[in-house]
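# Summary of the model geometry
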Amino acid sequence: LLAGHPSAFALKLSCGNLLSTLSTGFVVGFRTQLRNMFEQHRATCATIYVSSIICTMVLVLFLRPHTAVVVACVAVQYAAMV
């Protein structure tokens, strides 16, 4: 990230976040995981989190965006995760 190549970092981070979400779903059950993620008080953050993961992966894999866009997507992922 600091060397000026944030796309590789963003892709690995997004894959790790997706893998951790899927592994939690495997442990507690996918239906329970989705139900818990999209409860009324969590729905907005869960939607932003999932969409930011998808957006980051699409940007990095297909569009080769500017560094600032990649860093912004990573920041949105972290903000929605918290």
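About the criteria used
Within each chain, residues carry numbers counting from 1 in the order of the written sequence. A pLDDT threshold of at least 70 governs which residues receive local features in this predicted model, and a stricter bar of 80 or more applies before side-chain atom pairs are shown or counted, although totals over entire chains, interfaces and linings include all residues. Only hydrogens and water are removed before side-chain values are computed, so all heavy atoms of the structure are retained for them. When a carboxyl oxygen of Asp or Glu is within 4 Å of a side-chain nitrogen of Lys or Arg, the pair counts as a salt bridge. Three exposure classes are used, based on accessible area relative to the maximum for each residue type with a 1.4 Å probe and protein chains only: buried under 20%, partly exposed in between, and exposed over 50%. Every axis in this analysis is a line fitted to C-alpha atoms, fitted for helices over the stretch in contact. Angles between the N-to-C directions lie between 0 and 180 degrees. What counts as a helix is a DSSP run of H or I of at least four residues, what counts as a strand is a run of E of at least two, and both are numbered from the N terminus. The handedness criterion is simple: a crossing whose near helix is rotated anticlockwise from the far helix by less than a right angle is left-handed, and one whose near helix is rotated clockwise is right-handed. What makes two residues a contact is simply this: any of their non-hydrogen atoms within 4.5 Å. Asp, Glu, Lys and Arg are counted as charged, while Ala, Val, Leu, Ile, Met, Phe, Trp, Tyr, Cys and Pro are counted as nonpolar; the rest, among them Gly, fall into the polar class.

### Quick notes on the pattern of salt bridges
- Within the structure shown, the criterion is met by one salt bridge.
- Residues Glu 39 and Arg 42 are paired through a salt bridge, measuring 3.6 Å at the closest nitrogen-oxygen approach.
- Residue classification places Glu 39 among the partly exposed residues on the basis of a relative accessible area of 28%.
- On the accessibility criterion, Arg 42 (39% relative accessible area) is partly exposed.

### Considerations on the packing of helix 1 (residues 6-28) against helix 3 (residues 43-63)
- Where helix 1 contacts helix 3, the two axes come as close as 9 Å, and the packing angle between them is 140°. Here helix 1 runs over helix 3; the crossing is left-handed. Across the interface between the two elements, Ser 7, Ala 10, Leu 11, Ser 14, Cys 15, Asn 17, Leu 18 and Thr 21 of helix 1 pack against Tyr 49, Ile 53, Thr 56, Met 57, Val 60 and Leu 61 of helix 3.
- Partitioned by chemical class, the residues of the contact of helix 1 with helix 3 number nine nonpolar, five polar and no charged.

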